[in-house]
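Coordinate inspection notes
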Amino acid sequence: MKKKLRKLLMGLKGNGGFTLLELIIVIAIMGFLAAMIAPRLAGAGAGAADTICDNNQTRLRQVTAAFVERTGQLPNDLINLIAETADGVYEVQYDDSDATNGKEDLSHEIEDSLQAKIHYLSDEEAAEIRAMGISHVRNLNLSKTVDGDHRRDDTHGTHMERAEVAEDLAVLMVAAGFDGTAWDFDSLVSGAEYRNPDLAYRIILGVGPDSELVTSGQIEIAGLCPNAIRRENHFAFGNYSIVLPRLAATVDSLTDPVSGDPITDALDEITVISETGQEKDINIFEVQEAFQFSTFCPEGDVVGTVPTVWTIQ
């Protein structure tokens, strides 16, 4: 192809100019070459971003694990991924894939792959989280101006309003949530799809500039996912997150909304099957210790795992 293009161009040197047909031929050839090369370049860029993201997340896991081993606790002042408005209403906004109407808080992947829901903490859950070292969180995108008025702002470097971990604090939980009256299990029915079903009933908190990991010097800054930066016109939260261990108080409170019977008495584990037909059983009612935390990026990916959709049987 290159030889033909060179021959064509050399043949044109002796002419007084380019004919319309010759220009069309050259433009067509160049367009064809560009079409062949562009996807490879784009793929290389995406691959590099994925590698950086995995490295960032691996580093976060290592630093957090070292923090837990040294202190026996998880880092304080993580970001609560639920935003509290000025009138005290909790809300969560997912990317609607429309950049023209302003950015939302979280990527749609967190909603789609984790089926995350608003969950109101019980007094027992709040006490258990505080015992893990998390006495306060920073409510997502909420800060105060000099005159005390609340305003929404980007998370990049913003110091957010501090909230005490206490009963009725709304947080984001994977797959289910207690709305203050009853548990919502709609996402755990047969046929539901997840990328990480083993994270069910676990609370998600982000790592921001006020995190104890940053303020104690464990890391210099709260890392941003490169893929999230490329999509910053769609959603604001580009930081990595820590998934807390499954709480004993959460498991103890799980009851069937119809019968009122404890869920764990009737079901110890769920069976899931992957897109490739792989089947496995997962104990989503296992109570976990502080060191059993997990992490994921703003697009819902967990480092070290292949993004696979699992279907509940």
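Nothing here was measured: the structure is a model prediction, and the numbers come from that model.

Reading the values: the criteria
Residues numbered from 1 in each chain as written. Predicted model: local features only at pLDDT ≥ 70, side-chain atom pairs only at ≥ 80, totals over all residues. Heavy atoms only, no water. Helix = DSSP H or I, 4+ residues; strand = E, 2+ residues; numbered from the N terminus. Buried < 20%, exposed > 50% of the residue type's maximum accessible area, 1.4 Å probe, protein only. Contact = heavy atoms within 4.5 Å. Areas by Shrake-Rupley, 256 points an atom, 1.4 Å probe, with all protein chains shown as cover. Arc of directions from axis to C-beta. Pairing = 2+ DSSP bridges. Core = buried A, V, L, I, M, F, W, Y, C linked by side-chain atoms within 4.5 Å. Patch = residues over 30% accessible without salt bridge, like charges linked within 9 Å, V, L, I, M, F, W, Y side chains within 5 Å. Salt bridge = Lys/Arg side-chain N within 4 Å of Asp/Glu carboxyl O. Lys, Arg positive; Asp, Glu negative; His and termini not counted. Charge placed at Lys NZ, Arg CZ, Asp CG, Glu CD.

Section: the overall build of the protein
When its secondary structure is counted, the protein shows 8 helices and 18 strands. The 313 residues of the protein split such that 44% are buried. Residue pairs at least 24 apart in sequence account for 76% of intrachain contacts in the protein once pairs closer than 6 positions are excluded. Surface summary for the protein: the accessible area is close to 15800 Å², and the carbon and sulfur share equals 53%.

Re helix H4 (residues 123-131)
Of all the residues in H4, the buried ones are Glu125, Ala126, Glu128 and Ile129. Along the long axis of H4, the arc covered by the buried residues comes to 160°, so they all point the same way. Those residues of H4 that are exposed and aimed more than 90 degrees away from the buried face are Glu124 and Ala131. On the buried face of H4, the contacting elements are strand E4 (117-120), strand E9 (170-173), strand E13 (203-206) and helix H7 (248-253). With its phi angle positive at about 105°, Gly133 sits one or two positions after the end of H4.

Describing the pairing of E13
Here E13 shows a buried face lined by Ile203 and Leu205 and a second buried face lined by Ile204 and Gly206. Taken together, the 2 bridges between strand E1 (residues 78-80) and E13 define a ladder with antiparallel strand orientation. Within E13, the position partnered with Ile79 by the bridge is Gly206. Note: E9 against E13, 2 bridges, orientation antiparallel.

What about the nonpolar core?
It is characteristic of soluble globular proteins that their nonpolar side chains tend to be buried jointly. Formed by 70 residues in total, the largest nonpolar core has its most connected members in Ile134, Leu172, Tyr201 and Ile203. At 5 residues, the largest contribution of residues to this core is made by helix H2 (residues 20-71). Leave out the neighbours within four places in its chain, and Ile203 touches Leu121, Ile129, Val171, Leu172, Met173, Ile242, Val243, Leu244 and Leu247.

Looking at a negative patch on the surface
A cluster of acidic side chains, namely Asp123, Glu124, Glu167, Asp168 and Asp252, defines a negative patch on the protein surface. Overall, the relative accessible area of 64% leaves Asp252 in the exposed class.

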